[in-house]
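Chain by chain, the residues:
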Amino acid sequence: MVEGICKFFLDKYHSSLEIENLVFINEYCRLLRNHFMHGFLSDESKRKALCNYSERFGGTTYYSDIYYEIVDNSFLVKVLKTVLEILTTLDDALCEQRNE
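A look at the nonpolar core
Counting 21 residues, the largest nonpolar core has Leu-17, Ile-19, Phe-24, Tyr-28 and Leu-50 as the members making the most contacts within it. Top element by residues in this core is helix α2 (residues 22-38). It accounts for six residues. Not counting residues within four places of it along the chain, the set of residues in contact with Leu-50 comprises Tyr-28, Leu-31, Leu-32, His-35, Leu-41 and Tyr-68.

Okay, structure coming up:
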């Protein structure tokens with residue numbers, strides 16, 4: 001959704017938005033969410049990606065690409081803060097355009 005909003009912003013205002021931590025949210029957290037919701041990622045490339053992101057970003061422990069566990073509550077705080085930062089950036093940019 002964020003990518004769609006950024007594309008809309010670029011098309012409408014001819015200015016790009018600089019959003020930090022999109023890979024963390026769009027890739028890692030999305031794959032982790034899908035794993036938790038569906039119990040297992042059937043696509044091997046997605047399982048490997050999730051494993052790589054888990055090692056890169058931390059906050060979770062995985063066991064044989066099948067079982068993931070959030071091992072640090074600070075990971076949940078990081079996810080929430082990151083989403084808040086993204087939403088705030090989007091809101092600020094849209095409000096600024098309305099005020100011009």
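On we go.
Re the layout of surface pockets
Gaps left between atoms show up when a probe the size of a water molecule is rolled over them. A volume near 190 Å³ is recorded for the largest pocket. What lines the largest pocket is simply Met-1, Val-2, Ile-5, Ile-25, Asn-26, Arg-30, Val-83, Ile-86, Leu-87 and Leu-90. For the lining of the largest pocket, the element with the most residues is helix α4 (residues 73-99), which contributes four residues. Grouping the amino acids of the lining of the largest pocket by side-chain chemistry returns eight nonpolar, one polar and one charged.

Section: α4
The end-to-end C-alpha distance of α4, which contains 27 residues, comes to 39 Å, matching closely the 39 Å that a straight helix rising 1.5 Å per residue would cover. Those residues of α4 lying buried are Phe-75, Val-79, Thr-82, Ile-86, Leu-90, Ala-93 and Gln-97.

Digging into unusual backbone geometry
Not every positive phi belongs to a glycine, and His-14 is a case in point at roughly 55°. Mapping His-14 onto the fold places it in the loop between α1 (2-13) and α2. Notably, Asn-21 is not glycine yet its phi reads approximately 65°, a positive angle. Looking at where Asn-21 falls in the secondary structure, it is placed in the loop between α1 and α2.

A word on a negative patch on the surface
Taken together, Asp-91, Asp-92, Glu-96 and Glu-100 make up a surface patch of like negative charges. Following the sequence through the fold, Asp-91 ends up in helix α4. For Asp-91, a relative accessible area of 42% gives the class partly exposed.

Let's talk about the side chain of Asn-26
Structurally, Asn-26 is set in helix α2. Of the residues examined, Asn-26 reaches a relative accessible area of 11% and is grouped as buried. Here Glu-3 takes part through its side chain, which lies 3.5 Å from a polar atom of the side chain of Asn-26.

Details of the pattern of salt bridges
One pass over the full model with this rule turns up two salt bridges. Where Asp-11 meets Lys-7, a salt bridge forms, and the shortest distance between an N and an O atom there is 2.9 Å. With Asp-11 and Lys-7 both in helix α1 and four residues apart, the pair spans about one turn of that helix. The class of Asp-11 is partly exposed, set by a relative accessible area of 47%. With relative accessibility at 51%, the residue Lys-7 sits in the exposed group. For Lys-48, the salt bridge is made with Glu-44, and the minimal N-O distance between the two is 3.3 Å. Note that Lys-48 and Glu-44 are positioned in helix α3 (residues 44-57) at a spacing of four residues, about one turn of the helix. Lys-48 gets classed as partly exposed once you look at its relative accessible area, which sits at 48%.

Reading guide: rules and limits
What you see as residue numbers is a count from 1 along each chain, following the sequence as written. Only residues with pLDDT of at least 70 get local features here, since the model is predicted, and only at 80 or more are side-chain atom pairs given and counted; chain-wide, interface and lining totals rely on the full set of residues. Side-chain measures here rest on the full set of heavy atoms in the structure, leaving out hydrogens and waters. Nine residue types can take part in a nonpolar core, namely buried Ala, Val, Leu, Ile, Met, Phe, Trp, Tyr and Cys, and a core is a set of them joined through side-chain atoms within 4.5 Å. Burial classification: accessible surface area is computed with a 1.4 Å probe over protein chains only, and a residue below 20% of its type maximum counts as buried, one above 50% as exposed, and the rest as partly exposed. Going along the chain from the N terminus, every DSSP run of H or I of four or more residues is numbered as a helix, and every run of E of two or more is numbered as a strand. Note on definitions: a residue-residue contact is assigned when non-hydrogen atoms from the two residues lie within 4.5 Å. Throughout, the protein atoms alone are placed on a 1 Å grid, and a set of points is a cavity if a 1.4 Å probe fits but cannot get out or a pocket if it is open with protein on both sides within 12 Å along at least five of seven lines; lining residues have an atom within 4 Å of a point. Grid points are joined across faces, edges and corners, and a volume is the space filled by probe spheres set on the points. Each residue receives one of three labels: charged for Asp, Glu, Lys and Arg, nonpolar for Ala, Val, Leu, Ile, Met, Phe, Trp, Tyr, Cys and Pro, and polar for the others, Gly being one of them. Helices are assigned an expected span. That span is 1.5 Å times one less than the residue count. Residues form patches when they are more than 30% accessible in relative terms and have no salt bridge. Like charges link within 9 Å. Nonpolar side chains (Val, Leu, Ile, Met, Phe, Trp, Tyr) link within 5 Å. Surface exposure here means Shrake-Rupley accessible area, sampled with a 1.4 Å probe, where a residue is shielded only by the protein chains that are shown. Salt bridges, as used here, are contacts in which a Lys or Arg side-chain nitrogen is within 4 Å of a carboxyl oxygen on Asp or Glu. Note that His is not counted, nor are the chain ends; the positive residues are Lys and Arg, and the negative ones are Asp and Glu. Every charge is mapped to an atom, namely NZ of Lys, CZ of Arg, CG of Asp or CD of Glu. Pairs of N or O atoms are called polar contacts if they sit within 3.5 Å, as long as, within protein, a hydrogen donor faces a hydrogen acceptor (for residues adjacent in sequence, only side-chain-to-side-chain pairs).

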